[in-house]
Amino acid sequence: MLSPELEKPTLTPAEAALAEEPKFEGGQVGHYQLTDQLAVTGLSRVYSGINERSGEIVAVKVPEDPISRKLILAETVLHLQNSGIPHVVTVDGYGLSNGAPFLATRLQEGGTLVSEIKSDEDTHKTSVIGELINELEHERDKTMAVQSGTEELIDVPALMEAKEAVVMEHLPDVKEELEAHEDLKSTEAIEVVVEAAKESGLDIDADSAMARELTLEVLKELPKEPVRPDEAKIIQLSRVLYGAADGLDALRKRGVTHRDVKPHNIGIDKQGNGKILDFGVATRRRAAGSNVFGTWAWMSPQAFTGDIHPTNDDFALAMVAYRSFTGEMPWRLQDDPEQQHRHMAETPVQHPSIVNPAIPGKLGDVVMLGLSRNADSRATAADQRDVYASMTA
Ligand SMILES: Nc1ncnc2c1ncn2[C@@H]1O[C@H](COP(=O)(O)OP(=O)(O)O)[C@@H](O)[C@H]1O
Ligand SMILES: [Mg+2]
């Protein structure tokens, strides 16, 4: 899964009993006329809307479930306590509609950083294919090492024939199927390829070495190189990240940890400036070993263990930067948070400027420093911001 879950707080039975489906009939919430649905996140629904009193264009967030009612209330309070920060989205209004809280913020016309890096999104998928190839090659090497000295494992002419059949007839379908999986495992890729082989009249056992070899051959036919942002795109992304870094620095000065820094929560205004969105799980608490909140794909090692500290946001910001500038994640996304945590501890990160030579050294360096495992030596949001400022000056 590419969008890992947010761990939800639990409701008391009384709260659960009280909670009913909120209704937002007639496209009206408070004095906001709703227009289009912008997002459904599982916790909330966000609509674009218009403030009927002022004409202001807004995004209206309404809860999807009882838990998010609580989150929206807490989010509203935190916004009111921390208003007027230039690179944090501005609240336009809030209230209750049919008993459920809503929060209206000024619409970010440029959408979020997700749409900005969307052009790289296919890229991410093709890079996943590249990683699958590595994985399958690695597995094959292991098998060969174990079986060395015994017979040749694969009937090569049969393999080539099978590959021809799949490539000639089914390659586009295979590609589409693989892209439909957001985070691909090699076993799934093998199933897709074996299915295509069956359709060509070749019955191959999905557990066989032949199936793995065939998958490897077929994957190699697919494009795998991610498209790296060029210099112009890097400058454009730096404007967005400048705003995000500045917003986070201002929040830290007020003692706030955002806890869910990711591209979906970085808005972009009409001028292309970044703004921090979504105080859904933001907090002024500091803690160690508390419940884990946030989105694990972007989390620091300390956030995985339930620490609440702004240095976790510094790390997530650097994760976002790495993803934005290189077109790929610094660590390959694992199947669950525990695996991800372990994988990050064991696997060194490639310097972004090596992955994408268009990334200036000082920018690559600060992103690397932002990804420090040790929170004390990590580049802060302010450190990261200063580099963005020099990039966009
Ligand atoms: N002010 C805004 N302007 C533009 N889009 C917004 C705005 N607020 C939210 N959104 C969109 O709605 C999505 C969900 O809003 P968010 O506050 O992040 O809710 P959640 O807490 O459920 O993640 C965002 O990722 C973004 O795409
Ligand atoms: Mg969000």
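In this text, all values refer to a predicted model and were calculated from it rather than measured experimentally. (Residues numbered from 1 in each chain as written. Chains lettered and ligands numbered in written order. Predicted model: local features only at pLDDT ≥ 70, side-chain atom pairs only at ≥ 80, totals over all residues.)

Attention now goes to the overall build of the protein. Scanning the protein from N- to C-terminus turns up 14 helices and eight strands. By residue count, 40% of the 393 residues in the protein fall in the buried class. In the protein, once contacts between residues fewer than 6 apart in sequence are set aside, the share between residues at least 24 apart is 67%. (Helix = DSSP H or I, 4+ residues; strand = E, 2+ residues; numbered from the N terminus. Buried ≥ 20, exposed ≤ 12 C-beta atoms within 10 Å, placed from the backbone. Contact = placed C-beta atoms within 7 Å.)

Moving on to the confidence of the model for the protein. Keep in mind that low pLDDT regions are not for reading the predicted coordinates in detail. Overall, the predicted model of the protein reaches an average pLDDT of 87, with 87% of residues at or above 70. Long-range and interchain partners of residues 16–20, a stretch whose pLDDT sits below 50, account for five contacts in this model, where long-range means more than four residues apart. (pLDDT = per-residue confidence, 0-100.)

This part takes up the environment of E338. Residue placement: E338 occurs in helix α11 (residues 337–346). Accessibility expressed as a C-beta count within 10 Å gives 11 for E338, which makes it exposed.

Moving on, we come to the sheet that holds strand β2 (residues 32–40). Spatially, six strands are ordered β1-β2-β3-β4-β6-β5 in an open sheet, and the strand pairing comes out antiparallel. Strand pairing shows two members of the sheet lacking a second neighbour, β1 (28–29) and β5 (91–97), which therefore form its edges. (Pairing = 2+ DSSP bridges.)

Counting 63 residues, the largest nonpolar core has V60, L317, A318 and V320 as its most contacted members. The leading source of residues in this core is helix α10 (residues 310–326), at nine residues. When residues of this core are assigned to domains, at least three fall in each of domain 1 (13–106) and domain 3 (227–392). In this structure V320 touches L113, V261, K262, P263, I266 and W298, once residues within four positions along its chain are discounted. Judged by nonpolar contacts, the second largest core, of 22 residues, contains V128, I129, V193 and A197. (Core = buried A, V, L, I, M, F, W, Y, C linked by C-beta atoms within 7 Å. Domains from an automatic or database assignment.)

The next point concerns the site of ligand 1. Around ligand 1, a shell composed of 20 residues is seen, among which A39, T41, A59, D278 and G280 lie nearest. Among the elements of the structure, β2, β3 (44–51), β4 (57–63) and β6 (100–106) are those that each provide at least two residues to the shell around ligand 1. Two domains share the shell around ligand 1, each providing at least three of its residues, namely domain 1 (13–106) and domain 3 (227–392). (Near = placed C-beta within 6 Å.)

In this sheet, β3 lies alongside β2 in antiparallel orientation, the contact comprising six bridges. Looking across to β3, one finds that L34 is bridged to G49. Sheet topology places β3 next to β4; seven bridges connect them, and they run antiparallel. In the strand pairing of β4, Y47 is matched with V60. Between β3 and the antiparallel strand that follows it, β4, lie five residues; G55 among them carries a positive phi value of about 80°.

The next thing to look at is the packing of helix α13 (residues 361–370) against helix α14 (residues 381–392). With their axes 10 Å apart at the nearest point, α13 and α14 run at an angle of 165° to one another. Classified by the angle between their axes, α13 and α14 sit roughly antiparallel to one another. The crossing of α13 and α14 is left-handed. Seen from α13, the contacting residues are K362, L363, V366 and G370; seen from α14, they are D383, Q384, V387 and M391. A class-by-class count of the residues in the contact of α13 with α14 yields four nonpolar, two polar and two charged. (Axes fitted to C-alpha atoms, helices over the stretch in contact; angles between N-to-C directions. Parallel < 35°, antiparallel > 145°, perpendicular 65-115°, else oblique. Left-handed = near helix turned anticlockwise from the far one by under 90°. Nonpolar A, V, L, I, M, F, W, Y, C, P; charged D, E, K, R; others polar.)

Attention shifts here to the pairing of β5. Bridge count between β5 and β6: six bridges; the pairing is antiparallel. If you follow S97 over to β6, its bridge partner there is A100. Joining the antiparallel neighbours β5 and β6 is a turn of two residues, in which N98 adopts a positive phi near 50°.

This part takes up the environment of P360. Note that P360 resides in the loop between α12 (352–355) and α13. With 18 C-beta atoms counted inside 10 Å, the residue P360 sits in the partly exposed group. P360 sits 129 residues away from E231 along the chain, and the two C-alpha atoms are 8.8 Å apart.

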